[in-house]
Amino acid sequence: MGETRWPVLVTRLLPAPAMDRITSKCDMTLYDGGGAMPRDQLLAEIKGKVGAVTLLTDKVDDEFLDAAGDQLVIVANYAVGFDNIDVAACIRRGVMCSNTPDVLTETTADTAWALLMAAARRIAEGDRFLRRRQPWVWGPLMMLGQDVNGRTLGIVGFGRIGQAMARRARGFGMKVIYYDAYRPAPEVERGLGAEFRELDDLLAEADLITLHTNLSPETHHLINAERLAKMKSTAVLVNTSRGPVIDEAALAQALKEGQIFAAGLDVFEKEPEVHPDLLDLENVVVIPHLGSATVDTRIAMGLLAAENLIAALEGRQPPTLLNPEIWEQRSGRD
Ligand code: DGY
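Scoring rules and cut-offs
- Residues numbered from 1 in each chain as written.
- Predicted model: local features only at pLDDT ≥ 70, side-chain atom pairs only at ≥ 80, totals over all residues.
- Heavy atoms only, no water.
- Helix = DSSP H or I, 4+ residues; strand = E, 2+ residues; numbered from the N terminus.
- Rg over C-alpha atoms; globule rule 2.2 N^0.38 Å.
- Buried < 20%, exposed > 50% of the residue type's maximum accessible area, 1.4 Å probe, protein only.
- Contact = heavy atoms within 4.5 Å.
- Areas by Shrake-Rupley, 256 points an atom, 1.4 Å probe, with all protein chains shown as cover.
- Lys, Arg positive; Asp, Glu negative; His and termini not counted.
- Charge placed at Lys NZ, Arg CZ, Asp CG, Glu CD.
- Near = heavy atom within 4 Å.
- Polar contact = N/O pair within 3.5 Å; in protein donor to acceptor, adjacent residues only side chain to side chain.
- Salt bridge = Lys/Arg side-chain N within 4 Å of Asp/Glu carboxyl O.
- Axes fitted to C-alpha atoms, helices over the stretch in contact; angles between N-to-C directions.
- Parallel < 35°, antiparallel > 145°, perpendicular 65-115°, else oblique.
- Left-handed = near helix turned anticlockwise from the far one by under 90°.
- Pairing = 2+ DSSP bridges.
- Right-handed = clockwise from strand over helix to strand, strands pointing away.

Turning our eyes to something else, we now look at the overall build of the protein. In terms of helices and strands, the protein carries 14 helices and twelve strands. The globule rule puts the C-alpha radius of gyration for 334 residues at 20 Å, and the 22 Å found for the protein is close to it. Looking at the 334 residues of the protein, the share that counts as buried comes to 49%. Sequence-distant contacts, at least 24 apart, represent 60% of the contacts inside the protein between residues at least 6 apart. Summed over all atoms, the accessible surface of the protein reaches about 15,500 Å², with 53% contributed by carbon and sulfur. Charged side chains of the protein number 35 positive and 47 negative; the gap between the two group centres comes to 4 Å.

For the ligand, the full set of nearby residues is Leu 56, Ala 79, Val 80, Gly 81, Leu 104, Arg 242, His 289, Ser 292 and Met 301. Between the ligand and Gly 81, the relevant distance is 2.8 Å, taken from an oxygen atom to a main-chain nitrogen or oxygen of the residue. The separation between an oxygen atom of the ligand and a polar side-chain atom of His 289 is 2.6 Å. When the ligand sits alone it has 230 Å² of accessible area, and the protein chains cover 90% of it.

This part covers the pattern of salt bridges. Pairing is possible between side chains of opposite charge, provided their charged atoms come close. Taken as a whole and assessed by the stated rule, the structure comprises 27 salt bridges. Here Arg 39 makes a salt bridge to Glu 63, at a shortest N to O gap of 2.9 Å. You can see Arg 39 sitting in helix 2 (residues 39-45) and its partner Glu 63 sitting in helix 3 (residues 62-68), a full 24 residues away along the chain. By sharing partners, the salt bridges in this structure join Arg 21, Lys 25, Glu 307, Glu 314 and Arg 316 into a single network.

Let us look at the packing of helix 1 (residues 16-25) against helix 13 (residues 295-314). Remark: helix 1 packs on helix 13, axes separated minimally by 8 Å, with the N-to-C direction vectors making an angle of 15 degrees. It follows from the interaxial angle that helix 1 and helix 13 lie roughly parallel. For the pair helix 1 and helix 13, the sense of crossing is left-handed. Taken together, the residues of helix 13 that come into contact with helix 1 (itself represented by Pro 17, Ala 18, Arg 21, Ile 22 and Lys 25) are Ile 299, Gly 302, Leu 303, Ala 306, Glu 307, Leu 309, Ile 310 and Glu 314.

The residue Leu 304 is located in helix 13 in this model. Here Leu 304 falls in the buried class, since its relative accessible area comes to 14%. In sequence terms Leu 304 and Gly 48 are 256 residues apart; their C-alpha atoms lie 23 Å from each other. Residues in contact with Leu 304, not counting those within four places in the same chain, are Asn 99, Thr 100, Pro 101, Val 103, Pro 319 and Thr 320.

With that out of the way, let us pick up the pairing of strand 1 (residues 6-10). For strand 1 and strand 2 (residues 26-30), the ladder comprises five bridges, and the chain directions are parallel. Residue pairing in the sheet places Leu 9 in a bridge with Thr 29 of strand 2. Following the backbone out of strand 1, through helix 1 and into the adjacent parallel strand 2, one traces a crossover that is right-handed. Direction of pairing for strand 1 relative to strand 3 (residues 51-54): parallel, over a ladder of three bridges. Bridge pairing links Leu 9 to Ala 52 in strand 3.

As structure tokens, then:
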């Protein structure tokens, strides 16, 4: 008898090393269509599987878990964000779920930093300007931006990626202030030279504001019209977390009216759609959710998701579980 091959679903093509790892152990059903796996297909294909590798575009909720059946052991999400997963529903059914933290921290912070620089210094606007091929000449008042070096960076959400932003800020001689519902140990604050502020105080004080929160009912529209009004007219706002953390219509209005200086956005409220008003504005830099999009990082995410999947199926503890209590339950029971 050959070794057991686990029936699993993978909802999008992953980098080759991850696919190789999964197919070395599993009988894989792969959705290889253009975009996100259509919901009806997802619900049909998950039936009878013991594991799944899902993306942030796949909702893992009661309906999904019902469609899967009782044999489902693990849902390994290919993302650090897991707002697409109803973790409580997984816990109720004893299904493990995991994400891909750590391996994308520095790359995502790099992307946030690039957006911060691009928005503050009008890089994308300058690029568009030259591509119009209109005559121009250097001038003292031409396309002036805001300084990044020496300014105050406000970090909203001081987890792994928020802290990686604080490390970058030191190289730019910036003052760092942060807000998070959970404060880290004082030595973490000290080590990063970061000072805590209440959210509204941070918004009023910071020159550049970068968002690194999870999406939850508490953070939905955390940045709304009222909070935008607290920011400086020279402020630059960057979001690489999740789109719905910002009320996009309110942001477009604030940018249009010059209430804040500029924004750099990697994520969108109704992704993949971008609010049409934002696309008409020069003072916003938009990129299509590229936070973790480097060759090495996407491979690392794939290998971590694959390891979570295979470990669970082989009866080993998956390294980055969102509900480790289910592992405890299952390993105690087995
Ligand atoms: C994540 O991991 O949550 C990102 O949004 C995609 O890398």
